[in-house]
Amino acid sequence: KAGVTQTPRYLIKTRGQQVTLSCSPISGHRSVSWYQQTPGQGLQFLFEYFSETQRNKGNFPGRFSGRQFSNSRSEMNVSTLELGDSALYLCASSLRQAGNEKLFFGSGTQLSVL
Amino acid sequence: DAKTTQPNSMESNEEEPVHLPCNHSTISGTDYIHWYRQLPSQGPEYVIHGLTSNVNNRMASLAIAEDRKSSTLILHRATLRDAAVYYCILSGSGGGADGLTFGKGTHLIIQP
């Protein structure tokens, strides 16, 4: 069974641009969660999608958005990039809503904003 | 949200047992205790989880205090591949990934 796939693996953008990251969950998993990881703040929850609906959202500005498609694949978008958005973005999938489910993480997308 | 407290780092020798502590004094009755670990340049991977009773799997054991205000992840025989950041997190049974709040974790160093 293929694991969680995130693309691209690395990305370099400049301030003010926007970016879209993609996540393909494990086959059969319906929940996808997104996390931002930085050296200073650690792993922070962005949002969770289940059956194409956003179920939970972390404490991030509206520049961070996401969506989930009918095949459970998910994208997250960051608009008007800032230097502080440089981070490793991780997605995780689970069979059901992620409350006490086992999460399976991808290897992440490393975003650098110059 | 219930929070966890872990030491920033711990060091152990290869082939010896490792006990990683976690305090969660504000845990609610329905919160599960999860442990994940993150190897360099990888996303976190699930290690173990439990509610009240001690749990064992092929990777580790989880010992939960009787009052559930603390727990310990036990690696029975550490190898160099166990060097990673270990996260202890709580999640509610009601669902929602916001219950999985990762802190800074414990950086486990294994000496050969």
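So, here is what we can say about the structure in this document.

The rules behind these values
- Residues numbered from 1 in each chain as written.
- Chains lettered and ligands numbered in written order.
- Predicted model: local features only at pLDDT ≥ 70, side-chain atom pairs only at ≥ 80, totals over all residues.
- Heavy atoms only, no water.
- Helix = DSSP H or I, 4+ residues; strand = E, 2+ residues; numbered from the N terminus.
- Buried < 20%, exposed > 50% of the residue type's maximum accessible area, 1.4 Å probe, protein only.
- Contact = heavy atoms within 4.5 Å.
- Areas by Shrake-Rupley, 256 points an atom, 1.4 Å probe, with all protein chains shown as cover.
- Lys, Arg positive; Asp, Glu negative; His and termini not counted.
- Salt bridge = Lys/Arg side-chain N within 4 Å of Asp/Glu carboxyl O.
- Polar contact = N/O pair within 3.5 Å; in protein donor to acceptor, adjacent residues only side chain to side chain.
- Pairing = 2+ DSSP bridges.
- Axes fitted to C-alpha atoms, helices over the stretch in contact; angles between N-to-C directions.

**Overview of the overall build of chain B**
Inference 1: Scanning chain B for helices and strands turns up 0 helices and 9 strands.
Inference 2: Traced from its N-terminal end to its C-terminal end, chain B shows the element sequence β-β-β-β-β-β-β-β-β.
Inference 3: For chain B, buried positions account for 42% of its 112 residues.
Inference 4: For chain B, long-range pairs separated by at least 24 residues make up 56% of all intrachain contacts whose partners lie at least 6 apart in sequence.
Inference 5: On chain B, roughly 5600 Å² of surface is accessible, and the fraction owed to carbon and sulfur atoms is 46%.

**Considering the side chain of Asp31 of chain B**
All names here are of chain B.
Inference 1: Checked against the element boundaries, Asp31 lands in the loop between strand S2 (18–23) and strand S3 (32–38).
Inference 2: Although Asp31 lies buried, it forms no salt bridge, and the closest oppositely charged side chain, Arg68, sits 5.8 Å away as judged by the N-O distance.
Inference 3: A polar contact is formed between the side chain of Asp31 and the backbone nitrogen of Ser28, at a distance of 3.1 Å.

**Some remarks on the sheet that holds S3 of chain B**
Residue and element names in this part refer to chain B.
Inference 1: Strand order in the open sheet formed by 5 strands is S1-S9-S8-S3-S4, and the pairing between neighbours is mixed. Only two strands of the sheet have a single neighbouring strand rather than two, namely strand S1 (9–13) and strand S4 (45–50). Each adjacent strand pair in this sheet contributes to an overall mean axis angle of 25°, direction not counted.
Inference 2: Sheet topology places S1 next to strand S9 (residues 106–111); 5 bridges connect them, and they run parallel. In the strand pairing of S9, Asn13 is matched with Gln111.

**Describing unusual backbone geometry**
Residue and element names in this part refer to chain A.
Inference 1: For the bond running from Thr7 to Pro8, omega is -10°, close enough to zero to count as cis.
Inference 2: Relative to the elements of secondary structure, Pro8 occurs in the loop between strand S1 (5–7) and strand S2 (10–13).
Inference 3: Phi at Ser51 is positive, roughly 50°, even though this residue is not glycine.
Inference 4: Residue position: Ser51 is located in the loop between strand S5 (42–50) and strand S6 (53–57).

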